[in-house]
Structures are given as C-alpha cells and as structure tokens.
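Breakdown of the fold
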Amino acid sequence: MNQGILKKAIVILLLLTVGVFLVHAYWTEIVSVLGESLKMLTETRIRYVILAFLVYLLSVYLFAVRWQQVLSSIGHDLKATDLLPILFGAIFVNNLTPANRTGGEPLRMLWVNKRFGISYTDAFITILFERLVEVIPIILLLFYVLYFVPSLEIKFLPQKNILTLNSTYLLLFASLATGILIWIFRKRFTVLLKDIKQNWKKLHKSFIPALLLSSGVWILDIVRLQLIALALNLNLSLHIIASVSILYLLLGLLPITPGGLGIVEGGLVSLLLYFGLSLASSGSFVFLERFISFGLSSLIGFLYLFYYGGSEIWKNIKLQ
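Note that this is a predicted model, so its numbers are computed, not measured.

Calculation notes
- Residues numbered from 1 in each chain as written.
- Predicted model: local features only at pLDDT ≥ 70, side-chain atom pairs only at ≥ 80, totals over all residues.
- Heavy atoms only, no water.
- Axes fitted to C-alpha atoms, helices over the stretch in contact; angles between N-to-C directions.
- Helix = DSSP H or I, 4+ residues; strand = E, 2+ residues; numbered from the N terminus.
- Left-handed = near helix turned anticlockwise from the far one by under 90°.
- Contact = heavy atoms within 4.5 Å.
- Nonpolar A, V, L, I, M, F, W, Y, C, P; charged D, E, K, R; others polar.
- Buried < 20%, exposed > 50% of the residue type's maximum accessible area, 1.4 Å probe, protein only.
- Core = buried A, V, L, I, M, F, W, Y, C linked by side-chain atoms within 4.5 Å.
- Salt bridge = Lys/Arg side-chain N within 4 Å of Asp/Glu carboxyl O.
- Phe/Tyr/Trp six-rings, centres within 6.5 Å; stacked < 30°, edge-to-face > 60°.
- Expected span 1.5 Å × (residues − 1).
- Patch = residues over 30% accessible without salt bridge, like charges linked within 9 Å, V, L, I, M, F, W, Y side chains within 5 Å.
- Areas by Shrake-Rupley, 256 points an atom, 1.4 Å probe, with all protein chains shown as cover.

In the contact formed by helix H4 (residues 80-94) and helix H5 (residues 104-116), the axes pass within 8 Å of each other and the chain directions differ by 145°. Relative to H5, the crossing made by H4 is right-handed. Mapping the contact onto sequence places Asp82, Leu83, Pro85, Ile86, Leu87, Gly89, Ala90, Val93 and Asn94 in H4 and Gly104, Leu107, Arg108, Trp111, Val112, Arg115 and Phe116 in H5. Residue composition of the contact of H4 with H5, grouped by class: ten nonpolar, three polar and three charged.

This is how it looks when you write it as structure tokens:
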C-alpha cells in the first residue's frame, strides 16, 4: 500500500517538476497566451455558458433516471430525484480521487445502502450493468471519431520520410487493441459477466431504457461542448467535439492525479492544437469546460454530501 502511494507521489512530483521547468522556459510566451485567453474569457457570451451548465445538470439527471430504471428492474422502486444527490456526491468524490469513478462508485453503493437499505450486492450489480450498457454508445462514438478524424502525419528523423497513418488503420488498431485487452482480462470479465447473467432475467427489462439514456447522456455531452464553443465564438465541427468528449473520458481514467487535474487539461489543449486552434482558444475552451464539469459539479456534490451527513459517509468510504 505504501509503495503504491510512493509511486504515485513520485509520478506527481515528476509532473510538477516538468511543469515548473516548462513554465520557466516559456514564461514570456505563457504571459502572452494568458493575456489572449483572458481577453477571450471577458468576451464570453454568458448565455451559452449558462445553457451548457443546464445541459450538464440535465445529463446528471439522466444518469439518475438510468440508475432508477435499473434498480426498478430488480425490485427497488425509487425516484430519480432520490438518487440525484448520490450521483452528485459521487462526482465530487471522483474529482478528489485519481482515476475517474474509482471513489464515486463505492460511495454510491454505500450511500444507497445507508439511505434506502439496498444491499451492496444489488447496488454493485446495477452499477456494473450501467457501465456495461454505457460501453455501447462509447464504442460507437469512438468509431465515429476514428473514422472522421483527419489522417495523422508522423515525421521521423529524415524530413522527407513521412508516414501517413490513415484513420482506417486507427480504427483497425483500436479494434485489435480492444480484443487484446478483453483476452488479457478475460478472467475478470468472466466474473463480472457471471454476476450479470445470474440477474439477467430481471435486468434485461431495463436494457433498452438504460441504452437510450446512456446514448442521450453522450449526446448531451456533445451539445454541452458545442455550447461552450459557441460561448467563445469558436466554430468546431462535430468530429472535433466528439474527439474532445472521448479523450476527456480516456484521460480521466488515468490513475495519476485527483480528478485528472493537469492530465485532462493538457491532453484536451493538445488535441485542440492538433485540430488547428490557437493556444489561447484551446486554453479558454478547456477552462470553461472544466469550470462546469469539475468546478461547479464538485461544488454541488460537496453541498449534497454535507447536507446528507457527508462527513460520516466520507470516513466510511475512505475505510473501504
């Protein structure tokens, strides 16, 4: 356990060291970019930011409806509004723990057990079922991104030697990588699928609603990102927005920093730079996005957690 914490501390320290070095080396350019970004942010069309925030709230509500549908299929009749505080609390905890959803999911199981008497097993099975169903729209969106993203030009040492990696090959590579990962972790997948299979007769009733709601959440995610772009007067195509959405998910899964701080921002800015945006535009876009999905969501989650006796829940989740 101590070795794991030590490794994470070393990684974070190395990242901070690199960050300090880069800031020192490019301080003049950074000041210039910050000035441009600040100017863009002062000219932000606030109505679109408010709309983006409302869309985010709606997406969390759809998550609550989805979980309510799955719980209902195994005999737990709750309202979506009953589950909304739990989901926001889970978002807050996720933003404090490395790797997205590593802390939030145990909190969901603990909270729904303490408040509604739902067993840990039922809570775990419903959350697992949600995640498995959610994979379907994620894969479809990933394939869309890989198909429509422009070809990549990777330059080697000789300037004339350029390898163009077509999106079709990226698509094949992603499929192959997915197959290899499934094969490597087949034992874990077998155990998880066994839990689902035992309860499939009940859970299958909620498959279509869960799939539609999961797809709806990802559509809302793209709408939210588009609204943020409109707030900054940026013209971003659908495949760029979809790429940002997918990369956000992947970077958030990396168990390096709490809530992916630094990792997510750096990755998204790099992606937008690749698509031709200026550093100021990329930074402003990512700042507004994280202000909503990280800042405001954490604030709401903290308030819910505090109101429902969060200190005790937080202590319990740290002991799990």
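If you trace the backbone, glutamate 105 turns up in helix H5. Exposure remark for glutamate 105: the relative accessible area of 12% places this residue in the buried category. C-alpha of glutamate 105 to C-alpha of isoleucine 127: the two residues are 22 residues apart in sequence and 7.6 Å apart in space. When near neighbours in sequence (up to four residues on either side) are disregarded, glutamate 105 contacts Ile127 and Arg131.

This brings us to the nonpolar core. Considering soluble globular proteins, one finds that nonpolar side chains tend to be buried as a cluster. With 68 residues, the main nonpolar core has Trp67, Leu83, Leu234, Leu236 and Phe285 as its most contacted residues. Contributions of two or more residues to this core are made by helix H3 (46-73), H4, H5, helix H6 (120-148), helix H10 (207-231), helix H11 (238-252), helix H12 (263-274) and helix H13 (279-307). With twelve residues, the single largest contributor to this core is H3. Apart from residues no more than four positions distant in its own chain, leucine 236 is found in contact with Gln226, Ala229, Ile241, Leu277 and Phe285.

All chains considered together, the criterion is met by nine salt bridges. The salt bridge involving arginine 108 is made with glutamate 105; its shortest N-O contact spans 3.0 Å. In this pair, arginine 108 and glutamate 105 are both assigned in helix H5, three residues apart and thus about one turn of the helix distant. Taken as a pair, arginine 108 and glutamate 105 share a single burial class, namely buried. Here arginine 224 ties to aspartate 221 by a salt bridge, and the two come within 2.3 Å at their closest N and O atoms. Here the residue arginine 224 and the residue aspartate 221 both occupy positions in helix H10, the gap between them amounting to three residues, near one helical turn. Residue classification places arginine 224 among the buried residues on the basis of a relative accessible area of 6%. A network of salt bridges, in which partner residues are shared, links Arg66, Glu105, Arg108, Glu130, Arg131 and Glu134.

The next thing to look at is the packing of aromatic side chains. What the rule picks out here adds up to four aromatic pairs. Ring geometry for phenylalanine 88 against tyrosine 304: centres 5.9 Å apart, planes inclined by 25°, an arrangement best described as stacked. Of this pair, phenylalanine 88 sits in helix H4 while tyrosine 304 sits in helix H13, and the two are 216 residues apart along the sequence. On the basis of relative accessible area, tyrosine 304 is assigned to the partly exposed category, the value being 27%.

The end-to-end C-alpha separation of H4 is 20 Å, in line with the 21 Å expected for 15 residues at 1.5 Å each. Of all 15 residues in H4, 13 are buried; the element is thus mostly enclosed.

What follows deals with a nonpolar patch on the surface. Residues Ile46, Ile50, Leu51 and Leu54 make up a contiguous nonpolar surface patch of about 370 Å² in total accessible area. With respect to the element layout, leucine 54 can be found in helix H3.

Function cannot be read off these values alone, since they describe shape.
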